[in-house]
Amino acid sequence: MAGQDIPTDPAKALEYKEKGNKCFQAGDYAGAEELYSQAISYDPKNSLLYTNRSLALLKLHRFALAITLSQQCISLSPPPSISLKAHFQLAQAQIALHHPSEALESAKIAHALCVEEVIVGGKGANNIGPITELVLRCKKELWEVREEERLRGRGGLLSELIAGLERDREAYVYVLRGEGKENEVEKVEERYRGKIEELRRTFELAGYNAQEAKKRKVPDWCLDDITFSVMLDPVVTKTGQSYDRSSIMEHLKRSPTDPLTREPLRVEDLRPNLALKAACEEFLEENGWAVDW
Amino acid sequence: MATSFATKRLSKELNKINGQLPPGISLVKADDFQEWQLDIKVLDNNPIYLNQTYRLMFKFSSSYPIEPPEVTFLACPDRPIPMHPHIYSNGIICLDLLGMQGWSPVQNVESICMSLQSMLTGNTKNERPEGDQQFVANNRRRPRDIDFYYHDNTV
């Protein structure tokens, strides 16, 4: 970045931004990134410039720097539409670097800001689809991390139990040898081998059955009837049917009608379905795989 | 978006279809997410359709199911175009729910097949739409762009 002593010059910043936009549109993301960086040095209070640069950085897969830029943007307390962009880009960079819990936090803020935009009819409303998808992806990655830990934990328990059995066996054999009963050692060792074998089998069976029992089926109540995906933010129409906000919005753009009755339906008529939202959230907590069933 | 709206939804439909389909409906071909073929049969004893199987062709745009699929009957050996006052002899179907106005994204491939089955089941007229020959000879438009004139709502 250029030195801090450059005098603020918004007009010059705008000039650089325009040049940057041209590069960006032509697919020259490295060039655009450089120009946006110049623009920021001439007008470091202009939050929009940060989102432009961070978007270019995302395209260049320079995720760590994209995170910094998004965070700088957010710290300027930008207007909602820019804050929405910054959080969305922040979440994308965080998930790319496999930080699912941070990414989920950012994506949730982006989603909340986007719902506001939907309500006031702002430009950011167009992002509801991709943002919804990102929130779900973060949830899935978080679940994968937890699932891996759980499996590792179970493996750990098994090795502890086996170690315990082996300690028992050693103590037993030690006593036998002390009493001069060498001929019984073989039998005792055989018995413990059997026990350890049995223990392993039991664990295997438990793991297998647990997966079999959880037949990986997504219940209909948490599925959106338009995308057939698990709902993140269900909204209900007056028929009582719920849809995910992102997919019903997509439908209303084309046709302002209720998908079931074809009666007129406006965005303002949609009501959040909080109980269903909580239920879907709980289901995903346990079944992160369902994001991609 | 990484994968299109349509691809995601269609892969889920395909999962379901591969599991089970209602009687008289069977999947013939679904090699990609642009074009599928299914066979349907009429299940009652309607003499017009007795012992016949009909082939349906579905074409999906990338914005399915927000946009309707293009659904036509396909003529091939052993698969004629069914006689119906709303089905042209080139396979184009005039059905409200497949049009831009009548379509709803909660419809799906299975529900469309069932609607077409019942459209045939309920029909008693062994005839083509009015002006069939002329329409078939002149039409160059895609079915979804045609404003069908629903001249006879009794069938």
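Keep in mind it's a predicted model, so treat the numbers as computed, not measured.

Remarks on the overall build of chain A
Move 1: Looking only at helices and strands, chain A has ten helices and three strands in total.
Move 2: The helix and strand sequence of chain A, counted from the amino end, reads α-α-α-α-α-α-α-α-β-β-α-β-α.
Move 3: Rg of the C-alpha trace for chain A: 28 Å, well past the compact-globule value of 19 Å for 293 residues, more than 25% over.
Move 4: Across the 293 residues that make up chain A, the buried fraction comes to 44%.

Details of the sheet that holds strand β4 (residues 70-74) of chain B
All names here are of chain B.
Move 1: Reading across from one edge, β1-β2-β3-β4 is the order of the four strands in this open sheet, with antiparallel pairing throughout. The open sheet has two free edges, formed respectively by β1 (25-29) and β4, since each of these has just one partner strand. Put simply, the sheet's adjacent strands are angled 30° from each other on average, direction ignored.
Move 2: Set on the sheet, helix α1 (residues 5-19) makes contact with β1 and β2 (35-41); between it and β2 the angle comes to about 35°.
Move 3: Across the sheet, helix α2 (residues 109-121) lies against β1, β2, β3 (53-59) and β4, angled at about 35° from β2, the strand it touches most.

Some remarks on the side chain of A:Ser246
All names here are of chain A.
Move 1: By the element assignment, Ser-246 lies in helix α9 (residues 245-254).
Move 2: Of the polar contacts made by the side chain of Ser-246, one reaches the side chain of Asp-244; its length is 2.7 Å.
Move 3: What Ser-246 contacts, discounting residues up to four positions off in sequence, is Ile-128, Gly-129 and Thr-132.

Notes on the sheet that holds strand β1 (residues 234-236) of chain A
Residue and element names in this part refer to chain A.
Move 1: Pairing within the open sheet is antiparallel, and its three strands lie in the order β2-β1-β3. Every other strand in the sheet has two partners, leaving β2 (242-244) and β3 (271-272) as the edge strands with one partner each.
Move 2: Strand direction decides the pairing type here: β1 and β3, joined by two bridges, are antiparallel. Opposite Val-236, over in β3, you have Arg-271 as the bridge partner.

Focus on the UniProt feature "repeat: TPR" (unreviewed entry) in chain A
Move 1: Look at the UniProt record and you will see "repeat: TPR" (unreviewed entry) annotated at residues 13-46 of chain A.
Move 2: Between the C-alpha atoms that bound residues 13-46 of chain A there is a distance of 9 Å. The span itself is 79% helix and 0% strand.

A closer look at the interface of chain A and chain B
Move 1: Contact with chain A, which involves 17 residues of that partner, is made by 22 residues of chain B.
Move 2: Here chain A packs against chain B, burying approximately 1,800 Å² in sum over the two surfaces, 58% of which is carbon and sulfur.
Move 3: Between the two partners, chain A and chain B, sit two salt bridges.
Move 4: Its salt-bridge partner being B:Lys8, residue A:Glu133 comes within 3.8 Å of it at the nearest N-O pair.
Move 5: Summed over the shared surface of chain A and chain B, the number is seven residue pairs in polar contact (both at pLDDT 80 or more).
Move 6: Here the element with the most residues in the side of chain A that touches chain B is α9(A); it accounts for four residues.
Move 7: Considering only residue class, the side of chain A that touches chain B consists of eight nonpolar, four polar and five charged.

Section: the UniProt feature "domain: U-box" (unreviewed entry) in chain A
Move 1: Per the UniProt entry, the sites bearing "domain: U-box" (unreviewed entry) are residues 217-290 of chain A in this numbering.
Move 2: Between the C-alpha atoms that bound residues 217-290 of chain A there is a distance of 8 Å. The span itself is 31% helix and 11% strand.

Remarks on the packing of aromatic side chains
Move 1: Within the structure shown, the criterion is met by ten aromatic pairs over all chains.
Move 2: Between A:Trp221 and A:Phe283, the ring centres sit 6.1 Å apart and the planes meet at 75°, which makes this aromatic pair edge-to-face. Of the two residues, A:Trp221 sits in the loop between α8 (182-213) and β1 while A:Phe283 sits in helix α10 (residues 274-286), which places them 62 residues apart along the sequence.
Move 3: On the basis of relative accessibility, which here comes to 44%, the residue A:Trp221 falls in the partly exposed class.
Move 4: With a centroid separation of 6.0 Å and 85° between ring planes, the pair formed by B:Tyr49 and B:Tyr54 is classed as edge-to-face.

Quick notes on the domain arrangement of chain A
Many descriptions give the size of an interface as the accessible area lost when the pieces come together.
Residue and element names in this part refer to chain A.
Move 1: Segmentation of chain A into domains returns domain 1 (10-136) and domain 2 (220-292).
Move 2: Computed over C-alpha atoms only, the centres of domain 1 and domain 2 are separated by 27 Å.
Move 3: With nine residues of domain 1 at the interface, the matching set in domain 2 holds eleven residues.
Move 4: Between domain 1 and domain 2 the total buried area reaches about 910 Å² when both faces are included, carbon and sulfur atoms providing 78% of it.
Move 5: In terms of surface lost to domain 2, no three residues of domain 1 exceed Val-118, Ile-128 and Leu-136, which account for 51% of the buried area on that side.

Conventions used here
Residues numbered from 1 in each chain as written. Chains lettered and ligands numbered in written order. Predicted model: local features only at pLDDT ≥ 70, side-chain atom pairs only at ≥ 80, totals over all residues. Heavy atoms only, no water. Helix = DSSP H or I, 4+ residues; strand = E, 2+ residues; numbered from the N terminus. Rg over C-alpha atoms; globule rule 2.2 N^0.38 Å. Buried < 20%, exposed > 50% of the residue type's maximum accessible area, 1.4 Å probe, protein only. Pairing = 2+ DSSP bridges. Axes fitted to C-alpha atoms, helices over the stretch in contact; angles between N-to-C directions. Contact = heavy atoms within 4.5 Å. Polar contact = N/O pair within 3.5 Å; in protein donor to acceptor, adjacent residues only side chain to side chain. UniProt positions renumbered as here; feature names shortened; annotations may be inferred. Buried area = accessible area lost by both parts, 1.4 Å probe. Salt bridge = Lys/Arg side-chain N within 4 Å of Asp/Glu carboxyl O. Nonpolar A, V, L, I, M, F, W, Y, C, P; charged D, E, K, R; others polar. Phe/Tyr/Trp six-rings, centres within 6.5 Å; stacked < 30°, edge-to-face > 60°. Domains from an automatic or database assignment.

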